Amino acid sequence: MPERSKPAITPRAAQPAPAPRGWRQRAGRSGQTLVEYGIIIALVSIVVILVLQAFGERTQNLAEFINNQVDEANKQEDNGQLP
């Protein structure tokens, strides 16, 4: 009886990795997710800009008031009027 030749065994590292199931679908989803994140970031940016525009003047007035109060306290301390 003739001997059958054994099939060549390819080392595991030399074999191509099998494509995961649904890899094409997942590739499309990752691009879709990236677009969704971009839309969310754009919407949040718009909201932040609108809030800053709405409250910007009030915030600036508050910052100026605090700055003036600190300046007055420093002047009074320099003049010896504060303990």
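Residues numbered from 1 in each chain as written. Predicted model: local features only at pLDDT ≥ 70, side-chain atom pairs only at ≥ 80, totals over all residues. Heavy atoms only, no water.

This part covers the overall build of the protein chain. For the protein chain, the count of helices and strands is 1 helix and 0 strands. Looking at the 83 residues of the protein chain, the share that counts as buried comes to 0%. For the protein chain, the computed accessible surface area is about 8400 Å², with 60% contributed by carbon and sulfur atoms. (Helix = DSSP H or I, 4+ residues; strand = E, 2+ residues; numbered from the N terminus. Buried < 20%, exposed > 50% of the residue type's maximum accessible area, 1.4 Å probe, protein only. Areas by Shrake-Rupley, 256 points an atom, 1.4 Å probe, with all protein chains shown as cover.)

Before going further, it helps to examine a nonpolar patch on the surface. On the surface, Val35, Ile39, Leu43, Ile46 and Leu50 cluster together to form a nonpolar patch covering roughly 480 Å² of accessible area. Relative to the assigned elements, Val35 resides in helix H1 (residues 23–78). (Patch = residues over 30% accessible without salt bridge, like charges linked within 9 Å, V, L, I, M, F, W, Y side chains within 5 Å. Salt bridge = Lys/Arg side-chain N within 4 Å of Asp/Glu carboxyl O.)

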